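# Inside the fold
Residues per chain, in single letters:
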Amino acid sequence: MADASRLTETVQEVLRSLGVDPRLTEGGNRPVRSPLTGEIVAHVHDSTAQEARAAIGSAHEAFLQWRKVPAPRRGEFVRLLGEELRAAKDDLGRLVTIEAGKIVSEGLGEVQEMIDICDLAVGLSRQLYGLTMGSERADHRLQEQWHPAGVVGVISAFNFPVAVWSWNAALAFVCGDAVVWKPSEKTPLTALAVQALVERAARKFGPDAPQGLSRVLIGAREVGEVLVEDARVPVVSATGSTAMGRIVGQKVAARFGRSILELGGNNASIVTPSADLDLALRAIAFGAIGTAGQRCTTLRRLIVHESVYDTLVASLKRVYASVSIGNPLESDALVGPLIDEAAFQGMQKALAEARAAGGKVQGGERFTEGVSANAFYVRPALVEMAGQTGPVVHETFAPILYVLKYSTLEEAIALQNGVPQGLSSSIFTTDMREADRFLSATGSDCGIANVNMGSSGAEIGGAFGGEKETGGGRESGSDAWKAYMRRQTNAINYGTAMPLAQGVKFDI
Ligand code: UN1
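Everything numeric in this text was worked out from a predicted model, so none of it was measured. (Residues numbered from 1 in each chain as written. Predicted model: local features only at pLDDT ≥ 70, side-chain atom pairs only at ≥ 80, totals over all residues. Heavy atoms only, no water.)

Further remarks concern the overall build of the chain. Helices and strands together make up the secondary structure of the chain, namely 13 helices and 23 strands. The C-alpha radius of gyration computed for the chain amounts to 24 Å, which stays within 12% of the reference 23 Å derived for 508 residues, consistent with globular compactness. Each principal axis of the C-alpha distribution contributes one length, and for the chain these read about 80 × 65 × 35 Å. By the burial criterion, 56% of the 508 residues in the chain qualify as buried. Within the chain, counting contacts between residues at least 6 apart in sequence, those at least 24 apart form 74% of the total. By element, 52% of the accessible surface of the chain is carried by carbon and sulfur atoms, the whole surface being about 21200 Å². Distance between charge centroids for the chain: 4 Å, based on 50 positive and 57 negative side chains. (Helix = DSSP H or I, 4+ residues; strand = E, 2+ residues; numbered from the N terminus. Rg over C-alpha atoms; globule rule 2.2 N^0.38 Å. Buried < 20%, exposed > 50% of the residue type's maximum accessible area, 1.4 Å probe, protein only. Contact = heavy atoms within 4.5 Å. Areas by Shrake-Rupley, 256 points an atom, 1.4 Å probe, with all protein chains shown as cover. Lys, Arg positive; Asp, Glu negative; His and termini not counted. Charge placed at Lys NZ, Arg CZ, Asp CG, Glu CD.)

Next comes the structure, spelled out in structure tokens:
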């Protein structure tokens, strides 16, 4: 391309250095748009339904081989993948910035998250523990084993275009599974780049890593449907909107597959009278404005005690009015673009609804200074609401922070829990009783509950996911690996008698 723009040239350079075959990203039917400038930077090829089914078939064949490789050896494969990611961190992080619009340190942070989960998975490969239980029968032993499950389907969203795959894939690989990935149609380049790194790791690992162990399907919903409906995919992990998860969950359940759903969040922080307000301000700013409000853990509701409300809101207004916005490749701005025009329209619609419900809105307008007219940058919006109504109970994937006032902790917790979503939450307090009340069975109803921290930016060591419309799935650390394996209970009789459980007699 003689007149390729600088951004397109950068993309080509990065893809080359990551080892992506140029035939995959040129001349295809699907344009890839960078939210940084609105430019089309590549054209990828959608997979047909037939190709998708063939990919699932080859992943299934790969699984049949891979399950025979000892788990610590499988861990070695993931260790090599982690090495590739370390070497590619700068390039892949930059590609995340170009394709998803994240600021550079967040793009790099996303790749770091991939490296971290690889490390965790390597250790895990020697710790896929099953329990042994005392049998009620003499000379019997009772135990459980965890066996590989099969092909794991991964459906991921644009906002964490590579890390979400890695939380699933790193665990799935050590668990003995093959992985078929349907990335967001908005971010196919990062997926193709990761696949190139997986293939490089597989070559270094040698012939024990079968062809088909990791596959990528490019395309929109139709391609995802093939994955969701195929009975050769026993586990489907889907990240995205609640509307998408409702369909995926039902379709996978209809064929008795297992789904791991990580869907919408509507995360809140409670700021109590004893809170360290300086610390809270920094955490709130990152939680609500970071990633331009496009994390599933983004802080969307702030529930502030009446005694500190005016002070905190005044500080927040200053931050919201002054935070730097711009193209992250050309500036050190803290706020990059929204992913596309639809996201911008969604934000404007929510703000109009908030105004109609009596909300006082600061910010939220399109930002155009020094950025491309084809990109959608916005000033983050701070919205004071009298009650939790209208758009406040929905997730709008944009930087809008609704601020509510409370007087008792019970009221604050009721507001925090009073939405259909249940992903992440936090409390700012230096009062031990308040902190532990918030973490107790009668406190936050979310999958993640933090103290003196924001709602976003979870580490990979804990299980990640949430309740209610967030879908109930758990990925990443702790014992989330169990969802990628099948449990087998074994009863073994090492005696000469044949006692039956529960004392049943059946003498023939
Ligand atoms: C997401 O937005 O889909 O906790 C995941 C966080 C990140 C993951 C976000 N570690 O914000």
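And the narrative resumes.
Ordered in space as 7-6-5-8-9, the five strands form an open sheet in which the pairing is parallel. Each of the sheet's edge strands pairs with one partner strand only, and the pair in question is strand 7 (214-216) and strand 9 (258-262). The mean inter-strand angle of the sheet, taken between neighbouring strand axes irrespective of direction, is 15 degrees. Of the strands in this sheet, strand 5 (151-155), strand 6 (178-182) and strand 7 are in contact with helix 2 (residues 49-66), which crosses strand 6 at around 155 degrees. In the packing of helix 5 (residues 163-174) onto the sheet, contacts are made with strand 5, strand 6, strand 7, strand 8 (235-239) and strand 9, and the angle to strand 6 comes to roughly 165 degrees. (Pairing = 2+ DSSP bridges. Axes fitted to C-alpha atoms, helices over the stretch in contact; angles between N-to-C directions.)

Attention now goes to helix 8 (residues 242-254). For helix 8, with 13 residues, the first-to-last C-alpha span of 18 Å sits near the 18 Å given by 1.5 Å per residue. Turning to helix 8, its buried residues number three or more, namely Thr242, Gly245, Val248, Gly249 and Val252. Viewed along the axis of helix 8, the buried residues span an arc of 120 degrees, placing them on a single side of the element. Away from the buried face of helix 8 by more than 90 degrees, exposed residues Ala243, Gln250 and Ala254 are located. Lining the buried residues of helix 8 we find strand 5, helix 7 (221-229), strand 8 and strand 9. Of the residues one or two after helix 8, phenylalanine 256 is the one with positive phi, at around 60 degrees. (Expected span 1.5 Å × (residues − 1). Arc of directions from axis to C-beta.)

Here the focus is the nonpolar core. By size, the foremost hydrophobic cluster in this structure holds 129 residues, and its most contacted members are Trp165, Ile284 and Leu302. For this core, the leading source of residues is helix 3 (residues 71-100), giving twelve residues. Look past the residues within four positions of tryptophan 165 in its chain and what remains in contact with it is Leu81, Met114, Val154, Phe173, Val179, Trp181, Val194, Val198 and Ser214. Residues Ile303, Ala350, Val383 and Val392 belong to the second largest nonpolar core, which totals 29 residues. (Core = buried A, V, L, I, M, F, W, Y, C linked by side-chain atoms within 4.5 Å.)

Now for empty space enclosed by the protein. Evaluation of the coordinates by the stated rule reveals one cavity of 30 Å³ or more. There is about 70 Å³ of room inside the largest cavity. What lines the largest cavity is a set of 14 residues, among which Ala100, Gly101, Lys102, Thr291 and Gln294 lie closest to the centre. Classifying every residue of the lining of the largest cavity gives seven nonpolar, five polar and two charged. (1 Å grid on protein atoms, 1.4 Å probe; cavity = no way out; pocket = protein on both sides within 12 Å on 5 of 7 lines; lining within 4 Å. Points joined across faces, edges and corners; volume = space filled by probe spheres on them. Nonpolar A, V, L, I, M, F, W, Y, C, P; charged D, E, K, R; others polar.)

Before going further, it helps to spend a moment on the packing of aromatic side chains. Counted under the stated rule, the structure contains ten aromatic pairs. On the basis of an interplanar angle of 25 degrees and a centroid distance of 5.2 Å, the ring pair of tryptophan 165 and tryptophan 181 is categorised as stacked. A residue pair is termed long-range when its members are at least 10 positions apart, and tryptophan 165 in helix 5 and tryptophan 181 in strand 6 qualify at 16 residues. A residue is classified by how much of its surface remains accessible, and tryptophan 181, at 1% relative accessible area, is buried. For the ring pair tryptophan 167 and phenylalanine 464, a centre distance of 5.0 Å and an interplane angle of 55 degrees mean the geometry is tilted. Here tryptophan 167, found in helix 5, pairs with phenylalanine 464, found in strand 20 (residues 463-464); they are 297 residues apart in sequence, far enough to count as distant. This pair shows no difference in class: tryptophan 167 is buried, exactly as phenylalanine 464 is. (Phe/Tyr/Trp six-rings, centres within 6.5 Å; stacked < 30°, edge-to-face > 60°.)

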